[in-house]
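Commentary on secondary and tertiary structure
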Amino acid sequence: MAFREIQPTELKDNVFRMIGGDWLLLSGEAEGKANAMTASWGGMGVLWGKPVVFIFIRPQRYTKEFVDKAEGFALSVLDGSYRQTLNYFGTVSGRTEDKIKKAGLTPLSENGRTYFTEARLALLCRKLYAQPLDPACFIDKLPDEKWYPEKDYHTMYVAEIEKVLVRE
């Protein structure tokens with residue numbers, strides 16, 4: 001399937017549904033290899049005069065190593081028929097097996113950003129900012145208590161959306 005490029009302002013998706021409901025496949029590429037994980041926390045908007053995404057990765061996730069080494073990452077949105085695949089990417093580590101190959105996805109790479117032929121939408125992003133969440137900054141302590149009992153705080157990444165690709 002072919003992709004065509006659109007401007008970020010042309011996106012028609014409901015961001016809340018896309019990220020929190022449909023989920024994303026976040027992929028990093030480094031040293032000639034790629035890894036991916038399911039992501040369901042994040043957002044999109046405008047920051048520093050640029051269209052951006054912000055995503056969160058826990059320190060123990062293997063994909064974080066790829067994202068940290070790379071200039072950017074990709075976010076792929078798959079349709080509902082890939083829900084089982086997204087569950088797999090969210091529960092199995094790429095340290096122990098080649099998840100992309102085992103899942104049967106077809107990777108494409110552009111400018112060090114791996115995305116997938118099976119995606120209905122792909123966002124190719126360049127990192128602008130990264131910072132681990134700081135427990136001292138929680139104004140409402142409930143999220144800290146609920147989501148971080150192990151104190152394994154996510155790193156937040158802000159990245160410029162350099163290219164939006166939609167499947168034709």
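The protein is annotated in an unreviewed UniProt entry as Flavin reductase family protein of Selenomonas sputigena. UniProt's Sequence similarities (unreviewed entry) comment on the protein is quoted here verbatim: "Belongs to the flavoredoxin family."

**Quick look at the pairing of strand 8 (residues 113–116)**
Burial of the side chains of strand 8 extends over both faces: Arg 113 and Tyr 115 are buried on one face and Thr 114 and Phe 116 on the other. As judged from the 4 bridges shared by strand 7 (residues 107–110) and strand 8, these two strands associate in the antiparallel manner. From the neighbouring strand, Glu 110 faces strand 8, where its bridge partner is Arg 113. Counted between consecutive antiparallel strands, the loop separating strand 7 from strand 8 contains 2 residues, among which Asn 111 sits at a positive phi close to 55 degrees.

**As for the pairing of strand 5 (residues 50–57)**
Pairing geometry for strand 4 (residues 42–47) and strand 5, over 6 bridges, is antiparallel. Following the sheet pairing, Met 44 is matched in strand 5 by Val 53. In terms of strand pairing, strand 5 meets strand 10 (residues 155–167) through 6 bridges, oriented antiparallel. When the bridges of strand 10 are listed, Val 53 appears paired with Ala 159.

**A short note on the packing of aromatic side chains**
A full pass over the atoms with the stated rule returns 9 aromatic pairs. An aromatic cluster is built from Phe 138, Tyr 148 and Tyr 153, whose rings are joined through pairwise contacts. In this structure, Arg 83 packs its charged tip against the face of Trp 23, placed 3.4 Å from the ring centre.

**Notes on the nonpolar core**
One finds Leu 26, Val 53, Phe 73 and Leu 75 to be the most contacted residues of the largest nonpolar core, which totals 22 residues. Those elements giving two or more residues to this core turn out to be helix 1 (15–22), strand 2 (24–30), strand 3 (33–39), strand 5, strand 6 (72–77), strand 9 (121–132) and strand 10. Per-element tally for this core: the top contributor is strand 10, with 5 residues. Residues within four places of Phe 73 in sequence aside, it is in contact with Leu 26, Ser 27, Val 53, Ile 55, Val 67, Arg 113, Leu 123, Leu 124, Cys 125, Lys 127, Tyr 157 and Ala 159. Among the nonpolar cores identified, the runner-up in size contains 17 residues, and Leu 78, Leu 105, Ala 119 and Leu 165 belong to it.

**Considerations on the UniProt feature "domain: Flavin reductase like" (unreviewed entry) in the protein**
Per the UniProt record, "domain: Flavin reductase like" (unreviewed entry) is found at residues 27–167. Split by type, residues 27–167 is 20% helix and 45% strand. Its first and last C-alpha atoms lie 18 Å apart.

**Section: helix 1**
By the N-cap criterion, in which a side-chain oxygen at the helix start approaches the backbone nitrogen of a residue two or three places on, helix 1 is capped by Asn 14, the distance to Phe 16 being 2.9 Å. In the stretch just after helix 1, Trp 23 is the one whose phi turns positive, near 75 degrees.

**Some words on helix 3 (residues 83–91)**
By the burial criterion, the buried members of helix 3 are Thr 85, Leu 86, Tyr 88 and Phe 89. Each buried residue of helix 3 lies within a common arc of 155 degrees when the element is viewed along its axis, so the set occupies one face. Seen from the open side of helix 3, the exposed residues pointing more than 90 degrees away from its buried face are Gln 84 and Thr 91. Looking at the buried side of helix 3, the elements it contacts are helix 1, strand 2, strand 3 and helix 4 (99–103).

**Quick look at the pattern of salt bridges**
Scanning the model with the defined rule gives 17 salt bridges in all. Between Lys 163 and Glu 5 there is a salt bridge, with the nearest N and O atoms lying 4.0 Å from each other. Placement of the pair is Lys 163 in strand 10 and Glu 5 in strand 1 (residues 3–6), with a sequence separation of 158 residues. Note that Glu 162 is salt-bridged to Arg 113, the shortest N-O span being 3.0 Å. With Glu 162 in strand 10 and Arg 113 in strand 8, this residue pair connects regions lying 49 residues apart in the sequence. Of the residues examined, Glu 162 reaches a relative accessible area of 36% and is grouped as partly exposed. A relative accessible area of 3% places Arg 113 in the buried class. Residues participating in the shared-partner salt-bridge network are Lys 50, Glu 71, Arg 113, Arg 126, Glu 160 and Glu 162.

Definitions and cut-offs
Here the residue numbers are simple positions, counted from 1 along each chain's written sequence. With pLDDT at 70 or above as the cut-off, local features in this predicted model cover only qualifying residues; side-chain atom pairs require 80 or more to be listed or tallied, and sums for whole chains, interfaces and linings still use all residues. Excluded from the side-chain calculation are hydrogens and water; included are all heavy atoms of the structure. UniProt positions are given in the numbering used here, feature names are shortened, and annotations may be inferred rather than shown by experiment. Whether a residue is buried, partly exposed or exposed follows from its accessible area with a 1.4 Å probe, protein chains only, as a fraction of its type maximum: under 20%, in between, or over 50%, in that order. In this text, helices come from DSSP runs of H or I with a minimum length of four residues, and strands from runs of E with a minimum of two, each type numbered from the N-terminal end. Here, any two strands with at least 2 DSSP bridges between them count as paired. Here the aromatic set is Phe, Tyr and Trp, taking the six-membered ring for Trp, and pairing holds for ring centres within 6.5 Å; pairs whose planes are under 30 degrees apart are stacked, those over 60 apart are edge-to-face, and all others are tilted. To sit over a ring, a charge needs its Lys NZ or Arg CZ within 6 Å of the ring centre and within 35 degrees of the ring normal. We call a set of buried residues a nonpolar core when its members are Ala, Val, Leu, Ile, Met, Phe, Trp, Tyr or Cys and they connect through side-chain atoms within 4.5 Å of each other. Contacts are assigned to residue pairs that have any heavy atoms within 4.5 Å of one another. Here a polar contact is taken to be a pair of N or O atoms separated by no more than 3.5 Å, where protein atoms must pair a possible hydrogen donor with a possible acceptor and residues adjacent in sequence count only if both atoms sit in side chains. By arc we mean the arc of the directions from the helix axis to the C-beta atoms, nothing more. Here, a salt bridge means any side-chain nitrogen of Lys or Arg that lies within 4 Å of a carboxyl oxygen of Asp or Glu.

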